[in-house]
Amino acid sequence: MIAPETLSRLEFDRLLTEIASHAHSEGSMELIHAFSPTCDLAALRDKAGRIAEIRNLRRFGISLSLGAFEDIRSSLDRLKPAGAFLTPQELLPFIPVLDIFSAIARQFAPRDDIPLLKTLEPQLKGFPEILEPLTASIDHDGSIMDSASSFLRETRRAKRTLASRIRKKIEEIIRDSGIEIFLQDDFITQRSGRWVIPVRMDSKGMVKGVVHDVSSSGETAFMEPLEIIPFVNELENLAAEEKAEEIRILRQLSSWIREDAPELAASFETLLVLDTLNSIALFAEEFELEPATLNEDGELRLVEARHPLLLMMQKRGMLPRVEPLALQLGGKSGTDSVMVITGPNAGGKTIALKTAGMLSLMALCGLPVPAGPRSTFPLLDTLLVDIGDEQSIEQSHSTFSAHAARITTILGQAGLRSLVLLDELGAGTEPLQGAAIACGVLRELQQQGSMVIATTHLSEIIGFVHRSPGMINAGMEFDDDSFTPLYRLIVGEPGQSHAVEIARRFGMPERVIAFARQMLGNAGSEFASLLTELRRRRSELENSRHELERREARLAERDTELRLRAAEVDRIRREAAEKAWGDAKELISTTRRRMNELLEELKREKRSDIVEKLRRAESELTEQLKPQLVRPELSALETVSPGNTVHVRTLGCDGVVLSVDARSGKARVRAGRMELDVPLAELARPQTKSEAGGKKPPAVSWRTNIAESEQRELKLIGMRVEQALAELESFISHAAAAGFREVRVIHGIGTGRLRDAVREELERHPLVETHRPGEPHEGRNGATVVTIRT
């Protein structure tokens, strides 16, 4: 149990006030101010999870459908007695509440990313059977509208018509009876619900009527003409009927609300919870807070922690910057459980103390915290603080006695799951005795298993902490050159008060400073010098570490840059290879068509000039391909003999020489299942294993691949005719080069256009001997079996 006094000392109420400023109703604000720490881990995780779900919705640009609303619980209580009904002003607050019920119910229904919000009981739902008549009956100003009932609408219409007749009748009376000269003024008004005209007091006997009122000056009598009295009486009857109908409407509306009052009250509680969660989420978004991680190991770890009240001051321009705090206490890993912070006045010691306390309270209330995601907070039974001066004239308490009384209470309440915060420990009395008592208090709290963070100016405590296992010194960093505090906590290194330097900086006479240094003696000077030297060395190590981190960052950037450059080079190579492949494929396709035409012409005409044309075409093709295909790294052959293994440059693969024709300068070479005549200049030494095992560059990936040429089927289904015929040409040429006797072309049936075009092309192709439709096992008329000419 954490006492309200502790919350007050840590200014937790100021934080809650800031959160409550985001709420939409007084009831939500009261609920926020009632927040208190708890050890129910499951409840805390549910609350934090719901806040996280609202924040996730906001990241998608979705805000909860909340608006300003009033507390309806007191009105529901007034409706409990049978026959009770609410006034229009009391019914009006129900409309925005019911509107919000419906809007949030519609907003939540289709979503599956807010499971925790959907577990709030009862879930909000619309009450259209109440909202619709309320909206039709009560206006925004709290009046009952004509649309509340047809009888009310007709009654009010009759009233307006009769009032208009009365006004016209009075105007006729004034005009026709000649009483205009007796009037004090020319207006018509009402007194006590009666229609009257202002008549001069000395002339009231000249006008037939009833006096209903007299002006404050006594000079004007407000008289109702006798002729309109029946009309006014009728108007009053209509007003009474209107009033009765309004009461009937209010009773009806109230009875409908009374029927669902328990469900409405429960739903309103859910709405208050949603509004408080939304307020927390808005506050967390405003200050970029992180969800608090809780543990049952008794570990307090703060990383990049900042006091929320200081963040609020920074946001409002009152502070330039808030220094982050980092510390660690407790846990199962044998971490120190007692930390004593020393340092100069106004150096941030108490702020560090309050930051640890405030963030622990926030975590135990399920609130996000201004700290890094690696921070973790223990579940606490008690949070005990001694911060501030409680000296009292009435109770005869000095500063020291007030602290002593408070610490005595703390020692009686502390235990295993306690966090104790002690400010200015040992102050207010003689330093040596104060330090001795402080050391005893720290030792007692440590033995009780409590986590302790204390601040002090007494150097005697530093030595005790240094010698005691499980305790650690910490200090607030100080700039020795400018004698100004830096507000950064350095764990493991005690701080100095720097009282003499600060006094000197604020204009203390030099002779006083010199005497003070003399009074400190050598021991004090040596201790101060030692701490200064330790800080200097730590600063040097920190600078070295930062320089190493900068170098590592530069190396990482350089490595990333090189990787990007390598990727760019690889991309350029791939694009070049793809372009080369396209160009080569187009060239080969064109050349093959031309050679097939020449072969067909040769068969028909047996002309010798056709052979010469073929040789020229072969030479042209060789010359066009040579810049892409010649590999300078392949050594030329001096002599070629049958049986030699050679590398065929134009094919990009190795083969075996079958015969050599020296007169024509060609050799017969077998490469895979192909035999072809190759110019001797295109033969080179065979590739070594390392060369052959390496991956061929993409630029020559167009070369005949024996594995590909063993495919005996071509699928053209889904292609256009032009594309299919180009693929067919390449396929027939590869099949003939591979020595296949029979292949199959699958074109499907469809409209028959592709099938007819394929068979027409096969009919005139010089390398095709015959072709036929497929057998049942070959695809019937959806395929064509082709016999290659040998």
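Residues numbered from 1 in each chain as written. Predicted model: local features only at pLDDT ≥ 70, side-chain atom pairs only at ≥ 80, totals over all residues. Heavy atoms only, no water.

Structurally, Val196 can be placed in strand E2 (residues 194-200). On a C-alpha basis, the gap between Val196 and Pro225 in space is 7.1 Å, while along the polypeptide they are 29 residues apart. Excluding residues within four positions of it along the chain, Val196 makes contact with Ile188, Thr189, Gln190, Arg191, His212, Phe222, Met223 and Glu224. (Helix = DSSP H or I, 4+ residues; strand = E, 2+ residues; numbered from the N terminus. Contact = heavy atoms within 4.5 Å.)

Per the stated rule, a full pass over the model turns up three aromatic pairs. Between Phe69 and Phe268, the ring centres sit 5.9 Å apart and the planes meet at 85°, which makes this aromatic pair edge-to-face. Here the residue Phe69 occupies a position in the loop between helix H4 (41-59) and helix H5 (73-78), and Phe268 occupies one in helix H11 (residues 261-287), the gap between them amounting to 199 residues. Judged by its relative accessible area of 5%, Phe69 is buried. Arranged with centres 5.0 Å apart and planes meeting at 55°, the rings of Phe283 and Phe287 form a pair that is tilted. Taken together, the residues span about one helical turn, with Phe283 and Phe287 both in helix H11 at a distance of four residues. The side chain of Arg712 reaches across the aromatic face of Phe740, ending 4.1 Å from its centre. (Phe/Tyr/Trp six-rings, centres within 6.5 Å; stacked < 30°, edge-to-face > 60°. Buried < 20%, exposed > 50% of the residue type's maximum accessible area, 1.4 Å probe, protein only. Lys NZ or Arg CZ within 6 Å of the ring centre and 35° of its normal.)

Running from N to C, helix H2 (residues 12-20) and helix H3 (residues 26-33) point in directions that differ by 155°, and their axes come no closer than 9 Å. Here H2 is positioned roughly antiparallel relative to H3, judged by the angle of their axes. Crossing of H2 over H3 shows right-handed handedness. Packed against H2, whose contacting residues are Asp13, Leu16, Thr17, Ile19 and Ala20, the element H3 presents Met29, Ile32 and His33 at the interface. Along the lines of polarity and charge, the residues of the contact of H2 with H3 split into five nonpolar, two polar and one charged. (Axes fitted to C-alpha atoms, helices over the stretch in contact; angles between N-to-C directions. Parallel < 35°, antiparallel > 145°, perpendicular 65-115°, else oblique. Left-handed = near helix turned anticlockwise from the far one by under 90°. Nonpolar A, V, L, I, M, F, W, Y, C, P; charged D, E, K, R; others polar.)

Read across the open sheet, the four strands follow the order E1-E2-E4-E3; overall the sheet is antiparallel. The outermost strands of the open sheet, each flanked by one partner alone, are strand E1 (189-191) and strand E3 (209-214). Neighbour-to-neighbour, the strand axes of this sheet turn through a mean angle of 50°, independent of strand direction. Sheet topology places E2 next to strand E4 (residues 220-225); four bridges connect them, and they run antiparallel. The partner of Pro198 across the bridge, within E4, is Phe222. On the sheet, helix H9 (residues 150-177) packs against E2 and E4 and is oriented at approximately 25° with respect to E2. In the packing of helix H10 (residues 229-259) onto the sheet, contacts are made with E2, E3 and E4, and the angle to E2 comes to roughly 140°. (Pairing = 2+ DSSP bridges.)

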